[in-house]
Amino acid sequence: MARAIVDTALWIRRFHPNPDSEVRLVCLPHAGGSASFYYPVSESLRPGVEVLAVQYPGRQDRRAEPCIETVEVLADRIVTALGPWVGDKPLALLGHSMGATLAFEVARGLERRGTAPVALFASGRRAPSRYRDDQVHLRDDDGIVAELQLLSGTDSRLLGNEDLLRLVIPVIRADYKAVETYRCEPGAQVSCPITVLVGDSDPKATIEEARAWSEHTTGAFDLQVYPGGHFYLSTHQDEVTDLISARLTGYSPPRG
């Protein structure tokens, strides 16, 4: 089957270009999220780590494009879009929530092409093999809003603005469909180290579900637990970026 033609410039945002960085970190947003979510992360990690943030179709400057409703197709497009950014220096992956599952499949795709990442940071998501029968994407609009309120990851001004909500709910629904219909291939693993980051009161991932990521790597595994819920990252950004920087600068995989 012929591969889709992918415009790298549409998919990859490079907020703080730094050709002299030691390593690149590809960041994948949560359901409904956009590349701009990672602007503060990019700013915090420079100059040692250069961030490439992925922009999915259907949002911000890509809002006229149809959303992609499967993790597998999204991952394949992202792997292709990353083509110009691999090979000259180490590349790592960071994904939050849906982005963590997607990062796992992107890592597998990169490995198949002989350009394996040096590390995977999986944030706010249970292991790919830990299935829940979630059906948020089948809810009506009020049900989608209730999910956003539960996770506390959407600006309250947006939740109160009906016109804006009408614009973003189809995107959120499509992303939820992608991640809720995803089924991990039995025994799927990557060779790179996996570091899992999770809030201790995250309704979408228990500590044990997060720990199960250890089954998905033949490399080292580490679990970091922070106070907070699904978007613990918003209040612990400095700690998280310090950890990522320590792991990637002068690259040395975690022991475990």
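The following paragraphs examine the structure supplied in this document. Along each chain, residues carry numbers from 1 onward, in the same order as the chain's sequence is written. Residues qualify for local features only when their pLDDT is at least 70, as the model is predicted, and side-chain atom pairs are given and counted only at 80 or more; totals for whole chains, interfaces and linings, by contrast, use all residues. Note that water and hydrogens are dropped before the side-chain values are worked out from all heavy atoms of the structure.

**With respect to the overall build of the chain**
Regarding its fold elements, the chain presents 9 helices and 7 strands. Taking 2.2 N^0.38 as the reference for a compact globule, 256 residues should give roughly 18 Å; the C-alpha atoms of the chain span a radius of gyration of 17 Å, in line with that estimate. Reported as C-alpha extents along the three principal axes, the dimensions of the chain are approximately 45 × 40 × 35 Å. Categorising residues by exposure relies on relative accessible area from a 1.4 Å probe, with only protein chains included: less than 20% of the type maximum marks a residue as buried, more than 50% marks it as exposed, and the intermediate range marks it as partly exposed. Taking all 256 residues of the chain together, 54% fall into the buried category. In this analysis, two residues are considered to be in contact whenever any of their non-hydrogen atoms come within 4.5 Å of each other. Counted over contacts in the chain with a minimum sequence separation of 6, partners at least 24 positions apart contribute 81%. Numbering of helices and strands starts at the N terminus; helices are DSSP runs of H or I of at least 4 residues and strands are runs of E of at least 2. Our radius of gyration is a C-alpha quantity, and the globule rule it is checked against amounts to 2.2 Å times the number of residues to the power 0.38.

**Quick look at the packing of helix α3 (residues 71-81) against helix α4 (residues 98-112)**
Orientation of α3 relative to α4, taken along the N-to-C sense of each, is 55°, at an axis distance of 9 Å. Comparing their axes, α4 and α3 come out oblique. Where α3 crosses over α4, the handedness of that crossing is right-handed. Judged by residue contacts, Val-71, Leu-74, Ala-75, Ile-78 and Val-79 of α3 engage Thr-101, Leu-102, Glu-105, Val-106, Gly-109 and Leu-110 from α4. Its residues assigned to classes, the contact of α3 with α4 shows 8 nonpolar, 2 polar and 1 charged. Here the axes come from fitting lines to C-alpha atoms, over the contacting stretch only for helices, and the angles between their N-to-C directions go from 0 to 180 degrees. Roughly parallel refers to an angle under 35 degrees, roughly antiparallel to one over 145, roughly perpendicular to one between 65 and 115, and oblique to any angle outside these ranges. Left-handed describes a crossing whose near helix is turned anticlockwise from the far helix by less than a right angle; the clockwise case is right-handed. Residues are grouped as follows: Ala, Val, Leu, Ile, Met, Phe, Trp, Tyr, Cys and Pro are nonpolar; Asp, Glu, Lys and Arg are charged; all remaining types, including Gly, are polar.

**Some points on the sheet that holds strand β1 (residues 12-13)**
One open sheet accounts for 7 strands, arranged β1-β3-β2-β4-β5-β6-β7; its pairing is mixed. With one partner strand each, in any of the chains shown, β1 and β7 (221-226) form the two edges of the open sheet. When DSSP locates at least two bridges between a pair of strands, those strands are taken to pair. Of the strand pairs in this sheet, strand β4 (residues 91-96) and strand β5 (residues 119-123) are connected by 5 bridges, and their pairing is parallel. Directly across from Leu-94, in β5, lies its bridge partner Phe-121. Relative to the sheet, α4 contacts β2 (23-28), β4 and β5, its axis offset from that of β4 by approximately 155°. Those strands touched by helix α9 (residues 237-248) are β2, β3 (49-54), β4, β5, β6 (194-199) and β7, and its axis lies near 165° from that of β7.

**Observations concerning the pattern of salt bridges**
The salt bridge criterion pairs a side-chain nitrogen of Lys or Arg with a carboxyl oxygen of Asp or Glu, the two atoms within 4 Å. Scanning the model with the defined rule gives 19 salt bridges in all. A salt bridge links Glu-209 to Arg-132, with the nearest nitrogen and oxygen atoms 2.6 Å apart. Here the residue Glu-209 occupies a position in helix α8 (residues 207-211), and Arg-132 occupies one in the loop between β5 and α5 (141-151), the gap between them amounting to 77 residues. When its relative accessible area of 15% is taken as the criterion, Glu-209 is described as buried. In this structure, Asp-222 engages Arg-247 in a salt bridge whose closest nitrogen and oxygen atoms are separated by 2.7 Å.

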